[in-house]
Amino acid sequence: MNVLDLFAGAGGAALGLHDAGFEHVACVERDASAAATLRAAGFPAVEADVRDLDYAALAGTIDVLWASPPCQAWSSANQHGGPKGEEDIARNGWPWTLRIVRIVRPRWAIFENVKNARAHVERAVLPELRKLYAHVALWVLNAADHGAPQSRTRIFVIAGPRPVQPPASQPRRTMRDAIAVPWDRPSPCVMTNEGKGRPTDPAWWRKLNNASDALALATDGARRKLTLGECATLQTFPQGYPFAGRPEDRYRQVGNAVPPSLAAAVARAVRAAEEGAGTIREGLSAIRASAERVERVLSLAVGFVRRRPPLGIAADDIDGFVTRNVTQLRAMVGDFLSRRTP
Ligand SMILES: C[S@@+](CC[C@H](N)C(=O)[O-])C[C@H]1O[C@@H](n2cnc3c(N)ncnc32)[C@H](O)[C@@H]1O
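Everything numeric here is computed off the predicted structure, so don't read it as measured data.

For the rest of this paragraph, the subject is the overall build of the protein chain. Looking only at helices and strands, one finds 11 helices and nine strands in the protein chain. Among the 342 residues that make up the protein chain, the fraction classed as buried is 35%.

Okay, the pairing of strand 5 (residues 108-114) next. Counting buried residues in strand 5 gives six out of seven residues, a clear majority hidden from the surface. In this sheet, strand 5 lies alongside strand 4 (residues 64-67) in parallel orientation, the contact comprising four bridges. Counterpart to Val64 in the pairing with strand 5 is Trp108. By the bridge criterion, six bridges tie strand 5 to strand 7 (residues 153-160) in an arrangement that is antiparallel. Residue pairing in the sheet places Ile110 in a bridge with Ile158 of strand 7.

Here the focus is the nonpolar core. Residues Leu38 and Ile110 are the most contacted members of the largest nonpolar core, which totals 71 residues. Of the residues forming this core, the biggest block, eight residues, is contributed by helix 10 (residues 260-307). Split by domain, this core shows at least three residues from each of two domains, domain 1 (2-168 + 259-279) and domain 2 (173-258). Among residues more than four places away in sequence, those in contact with Ile110 are Val64, Trp66, Phe156, Ile158, Val266 and Val270.

Around the ligand there are 21 residues in total, and Phe7, Gly9, Gly12, Arg30 and Ala257 lie nearest to it. Those elements that place two or more of their residues in the shell around the ligand are helix 1 (12-19) and strand 2 (23-29). Grouping the constituent residues of the shell around the ligand by class yields 10 nonpolar, six polar and five charged. Both of domain 1 (2-168 + 259-279) and domain 2 (173-258) provide at least three residues apiece to the shell around the ligand.

A few words now on the sheet that holds strand 7. Within the open sheet, the seven strands sit side by side as 3-2-1-4-5-7-6. Their pairing is mixed. With partners counted over all chains shown, the strands left at the sheet margins are strand 3 (45-47) and strand 6 (135-142), one partner each. Strand after strand, the sheet turns through a mean of 15 degrees between neighbouring axes, direction not considered. Along the sheet, helix 1 contacts strand 1 (2-6), strand 2, strand 4 and strand 5; its crossing angle with strand 1, the most-contacted strand, is approximately 170 degrees. Each of strand 5, strand 6 and strand 7 touches helix 5 (residues 118-130); the most contacted strand, strand 7, lies at about 10 degrees to it.

A few words now on helix 9 (residues 247-256). Within an α-helix, residues lying three or four positions from one another point in the same direction, as the helix has 3.6 residues per turn. Counting buried residues in helix 9 gives seven out of 10 residues, a clear majority hidden from the surface. Residues of helix 9 that are buried include every one of Arg250, Tyr251, Arg252, Gln253, Val254, Gly255 and Asn256, and no others. Where helix 9 is buried, its residues touch helix 2 (32-40) and helix 8 (228-234).

What follows is about the pairing of strand 7. Buried residues dominate strand 7, accounting for six of its eight residues. In this sheet, strand 7 lies alongside strand 6 in antiparallel orientation, the contact comprising eight bridges. Looking at the pairing, Leu141 lines up with Arg154 of strand 7.

A word on the environment of Val136. When you line up the elements, Val136 lands in strand 6. In sequence terms Val136 and Gly160 are 24 residues apart; their C-alpha atoms lie 6.6 Å from each other. Beyond its immediate chain neighbours, meaning those up to four positions away, Val136 contacts Leu126, Leu129, Arg130 and Ala159.

Let us look at the confidence of the model for the protein chain. Of the residues in the protein chain, 81% reach a pLDDT of 70 or more, and the chain-wide mean stands at 84. Below a pLDDT of 50 lies the segment residues 208-214, which in the model reaches 20 contacts outside its immediate sequence neighbourhood of four places, other chains included.

Within the chain, Phe7 stands out as a residue other than glycine whose phi angle is a positive 60 degrees. Within the fold, Phe7 resides in the loop between strand 1 and helix 1. For Phe7, a count of 24 C-beta atoms within 10 Å puts it in the buried group. The backbone of Thr236 sits at a positive phi, close to 70 degrees, despite the residue not being glycine. We classify Thr236 as buried; it has 26 C-beta atoms within 10 Å.

Calculation notes
Residues numbered from 1 in each chain as written. Predicted model: local features only at pLDDT ≥ 70, side-chain atom pairs only at ≥ 80, totals over all residues. Helix = DSSP H or I, 4+ residues; strand = E, 2+ residues; numbered from the N terminus. Buried ≥ 20, exposed ≤ 12 C-beta atoms within 10 Å, placed from the backbone. Pairing = 2+ DSSP bridges. Core = buried A, V, L, I, M, F, W, Y, C linked by C-beta atoms within 7 Å. Domains from an automatic or database assignment. Contact = placed C-beta atoms within 7 Å. Near = placed C-beta within 6 Å. Nonpolar A, V, L, I, M, F, W, Y, C, P; charged D, E, K, R; others polar. Axes fitted to C-alpha atoms, helices over the stretch in contact; angles between N-to-C directions. pLDDT = per-residue confidence, 0-100.

Structure follows, in structure tokens:
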């Protein structure tokens, strides 16, 4: 299945989709450093504003459109709690995304966002998708339940031609498991900044009572900032993933990403729904072909029985014999063959 990835960032979702067997047609991202990361990682980056591209040529050719529209107005990181004015509304990526869906008409649309955007999505996005798709679902998933040693709750909207089963939860991993720091729970959400502006004095960090965003408990009990590599591991990026740009660009790309393991779980769920449909279709056509063969053999068998009655069957009971042994079976096969394949 192919995928058009909008607001692709450094490719967290792209990696998950790739791991689940999807092939990218394009990853659209306007930030130069994130686009450089996508290119270095081998994705077909299109460095552009999603609003500036012409999508008409893609109409009807895309299996999955994945979008993580900008959500500053709802992000808990900026404690906005919803769009407040013209500027916030102008930065709302949902209308742009819906416009592209209407042009491209992908078989599946998958949207990811922060959980604070849920009310807006339920009010303004789901009704629009229901006009276009037979099945529209909203899931709330925590990355900690899908392979990431990090608590990060996100909403996912899945719109497509078939219902999809949400991915099953997996056992949780801790920060100790992942990056060997003494914290026996998943990490709190990895943030987009690198702890800039925070005091460097360990006493200040010690006052904090959990291992939060860009910090961790060091083995001596003092707190320290997590390295970029550690943050990337908590997000389930593979080691050595080629983040490009200045340190602050790279921290931002890591913090902004959908954890690849979470994206892969969602993508596999969609794939299973698609392949399930394919398997049922293939299974039914195989049964149909067998039923047609059975029907031909039965016709021959009935002709044979009429011409040469089996031993022990009286000539005047042949019709009864055929009715008892064959006609019923033929009726069942005929009934099956007359049904429409879903
Ligand atoms: C939440 S991040 C996406 C993360 C990405 N899906 C991942 O998994 O790594 C949102 C991204 O949208 C990009 N973005 C915001 N507005 C955009 C626009 N108008 N056109 C293209 N990209 C945009 C930002 O630069 C940012 O990288």
